[in-house]
Amino acid sequence: MVQHFAEHAASNLAAVREKKPLIHSITNLVVMNFTANVLLAMGASPVMAHASSEVEEMVAAADGLVLNIGTLSEAWIESMLKAGKRALQQGIPIVLDPVGAGASRLRTKTAKKIISAAPMRVIRGNASEIISLHQAGSQTRGVESVHSVDEAAPAAKNLAQALKTTLAITGPEDLLTDGTRVIRVCNGHPLMGYVSGTGCAATAIIAAFLAVDDDPLRAAAGALAFLGAAGEVAAENASAPGSFMIQMIDALYAMTPEALKQKCRIYGD
Amino acid sequence: MVQHFAEHAASNLAAVREKKPLIHSITNLVVMNFTANVLLAMGASPVMAHASSEVEEMVAAADGLVLNIGTLSEAWIESMLKAGKRALQQGIPIVLDPVGAGASRLRTKTAKKIISAAPMRVIRGNASEIISLHQAGSQTRGVESVHSVDEAAPAAKNLAQALKTTLAITGPEDLLTDGTRVIRVCNGHPLMGYVSGTGCAATAIIAAFLAVDDDPLRAAAGALAFLGAAGEVAAENASAPGSFMIQMIDALYAMTPEALKQKCRIYGD
Amino acid sequence: MVQHFAEHAASNLAAVREKKPLIHSITNLVVMNFTANVLLAMGASPVMAHASSEVEEMVAAADGLVLNIGTLSEAWIESMLKAGKRALQQGIPIVLDPVGAGASRLRTKTAKKIISAAPMRVIRGNASEIISLHQAGSQTRGVESVHSVDEAAPAAKNLAQALKTTLAITGPEDLLTDGTRVIRVCNGHPLMGYVSGTGCAATAIIAAFLAVDDDPLRAAAGALAFLGAAGEVAAENASAPGSFMIQMIDALYAMTPEALKQKCRIYGD
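Computed from a predicted structure; not experimentally measured. (Residues numbered from 1 in each chain as written. Chains lettered and ligands numbered in written order. Predicted model: local features only at pLDDT ≥ 70, side-chain atom pairs only at ≥ 80, totals over all residues.)

Visitor: Give a description of the overall build of chain A that names residues and reports values.
Guide: Per the secondary structure count, chain A includes 11 helices and nine strands. In summary, chain A has a C-alpha radius of gyration of 17 Å against a globular reference of 18 Å for 269 residues, a match within 12%. For chain A, the spread of C-alpha atoms along the three principal axes comes to 40 × 40 × 35 Å. Within chain A, buried positions represent 68% of all 269 residues. Sequence separation of 24 or more characterises 73% of the internal contacts of chain A that already satisfy a separation of 6 or more. (Helix = DSSP H or I, 4+ residues; strand = E, 2+ residues; numbered from the N terminus. Rg over C-alpha atoms; globule rule 2.2 N^0.38 Å. Buried ≥ 20, exposed ≤ 12 C-beta atoms within 10 Å, placed from the backbone. Contact = placed C-beta atoms within 7 Å.)

Visitor: Give me the lowdown on the relation of the copies chain A and chain C, citing residues and values where you can.
Guide: Each copy superposes on the other: chain A lies on chain C with an RMSD of 0.0 Å after a rotation of 120° and an axial shift of 0.0 Å. As the rotation angle and translation indicate, the two copies are arranged about a three-fold axis. For chain A, the minimum C-alpha distance to the rotation axis belongs to L29(A) and amounts to 4.0 Å. In this assembly the copies use different faces: only 12% of the residues contributing to the interface of chain A also contribute to that of chain C. (Least-squares fit on C-alpha atoms with pLDDT ≥ 70 in both.)

Visitor: Can you explain the interface of chain A and chain C? Please cite residues and give values.
Guide: Contact residues are listed per partner, giving 25 residues for chain A and 26 residues for chain C. Looking at the side of chain A that touches chain C, the elements that each hand over two or more residues are helix 2 (32-42), helix 5 (105-117) and helix 10 (241-254) of chain A. Broken down by element, the side of chain A that touches chain C gets its largest block of residues, four residues, from helix 10 of chain A. Broken down by class, the residue content of the side of chain A that touches chain C amounts to 13 nonpolar, eight polar and four charged. (Nonpolar A, V, L, I, M, F, W, Y, C, P; charged D, E, K, R; others polar.)

Visitor: Which residues make up the relation of the copies chain A and chain B, and what are the values?
Guide: The two copies are related by a screw operation: chain A maps onto chain B through 120° of rotation and 0.0 Å of translation along the axis, at an RMSD of 0.0 Å. A share of only 12% of the interface residues of chain A reappears at the interface of chain B, consistent with the copies meeting through non-equivalent patches.

Visitor: Run through the packing of helix 8 (residues 198-210) of chain A against helix 9 (residues 216-237) of chain A, naming residues and quoting values.
Guide: Residue and element names in this part refer to chain A. Two elements in contact, helix 8 and helix 9, have axes whose closest approach is 8 Å; the angle formed by their N-to-C orientations is 135°. The pairing of helix 8 with helix 9 is recorded here as oblique in orientation. Crossing angle aside, the handedness with which helix 8 passes helix 9 is right-handed. Taken together, the residues of helix 9 that come into contact with helix 8 (itself represented by A201, A202, I205, I206, F209 and L210) are P216, A219, A220, G222, A223, L224, F226 and L227. Class assignment for the residues of the contact of helix 8 with helix 9 results in 13 nonpolar, one polar and no charged. (Axes fitted to C-alpha atoms, helices over the stretch in contact; angles between N-to-C directions. Parallel < 35°, antiparallel > 145°, perpendicular 65-115°, else oblique. Left-handed = near helix turned anticlockwise from the far one by under 90°.)

The analysis is restricted to geometry; functional conclusions fall outside its scope.
Below, the structure is given as structure tokens:
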């Protein structure tokens, strides 16, 4: 148990509620509403905009940028690259969610193009997505992983070192690495896998935590522990995915920093 | 307390449930599902279509049109202008929701272009959005207001007179004006600010009320009181935004005209 | 009561949970999130992708394809045709949801173009939509039916024979025909009409059942009975559309094959 990570998770949550960081998401059509509600519930401020002619202005006002490739089109890719470059100039954190990388060449190629355009503060994906960014030809089944988190660990470590970034692989247990340190987050509940957009929500929460914490590994670990802990609270009140989803939003809103600190299960490797 | 406004709110709600007006929304990607569910719950009939080649036919069958600029693209702007012109020919009410006007030039410019293409029956926005339509260079933080409703009151009054329309500024208290009369609606609950798309839902409800009432100020005030009252009912059963959002939909469905009349808190200025 | 249909509904549900078929949906912007959550809750695996350059790869991995025309654009139509042709080569089932066919020429024409590009395993729509596919000039009010299921029965039978497909008309009672057999499904609850995307969810569930059953009529009837039965369970716990929607997702997750068999109300004509 890495106690100082739990303490930082708690203080980051408090800081998000204090600062209300504006998180600009260029994200997929399936999860937009859920992502916006998750950010609002936790105390951040969401904005979504994808028109090429306005993304730079939106980034200029934002405290963090999420680029999520879950439903691509040519125009959106252009906007993501433009937004990424502007975020780099601004010095605000960018988080990439390579949804479905490995499931189509377009997705794998676009994820890599985004990474080349600007350094990502964190890349969060499932095991198959992370492997596909590292190893040509590796495949993902739609947007679902066919690999375990541990199978993706070497790819994550190599990518983290090569790209000087932090990788967060989510699954039944999450594994995070900045190329040097390796951290596991064991919060969560199986019903999270039955709610569309849980992974994308994790990415957005990471962006909000990055807006208040300079250490990407620590911020991302705390963010995943927070979402996982909200899932645990939700499971106390719900036994099926519809009510669980609603309870999870409620828990993100209601959880105090102190409660988060108690619930965090973040371990060194 | 403007008693006849409360009475009209009640009779408008009854009329919506009787007539089931078809509300065509060209709205943003984040709130589409929530908006559709809000319109269905209250007894109206939603349709969404944005293809340039079909918007005119959709408008031809509609009883009201919502134009919401929350996630723009060039193609959608063209469709909004086309739909607006057709609605003008049809004589059906158009409501503009200038989401994020002031946050990017594209949004401010597009809102103004829509207003020029056809007269809006009502324009509903937060304080910063309304100010940005009136005063060049005024800014909005993403889609959140940085001004108070009272700060936006002069802009609203000027715009209402210049454009011969009704302005509805929503916030902790709502302020509406048709350039002559000024009305405040005090219904609502702070949790509404934690649910994505509450403002957009207000706009859609206004459109449904306009479909059954020729007085825009009265229709809009009643619509905002209705949504606010639903929020108050929801807050009796929920203390966090996930369940609150669901309870608000339930309340929009379950509220009787009589209950709405009792709950309305609509005041002259 | 067609007992063997009820038995197949139950075994199909069990098979979906065992196989977890990957259902690729090119669907409308309003219902994407709800559709994904419905597929996840029932035990299937959703993926959504619409970029012309990736839809074929997504279809290549999929066990079923949903084409839903609820919010069209030129680019999406091209992708639907491409996806349909690839699904035909793959031999995986395609289900068409002609949302709003009859409400605009674009929709009616697009539905027919999709049908010409590849044989549909099932076409599911409301009565007006089905009639519009058969009879030039027939109209739909937005996305709502203005005809009864029985009025659409002759059109459905003719279309089924002409196109060698299965038609499923949904309404208060559902009517299904493969041109020879005619089946009615009497499960469901009036509150389903107050939830956006219930029809689209029905289409997605049909696709999941088709992925495990070679008899389209039987698969579609069981799928509709399943959704209707979930609506009945939801109505035991909810009396308004917000909570009802959540309870319906819960019921799709929690319903056992045995419970489904008991609840099925599938009748021969």
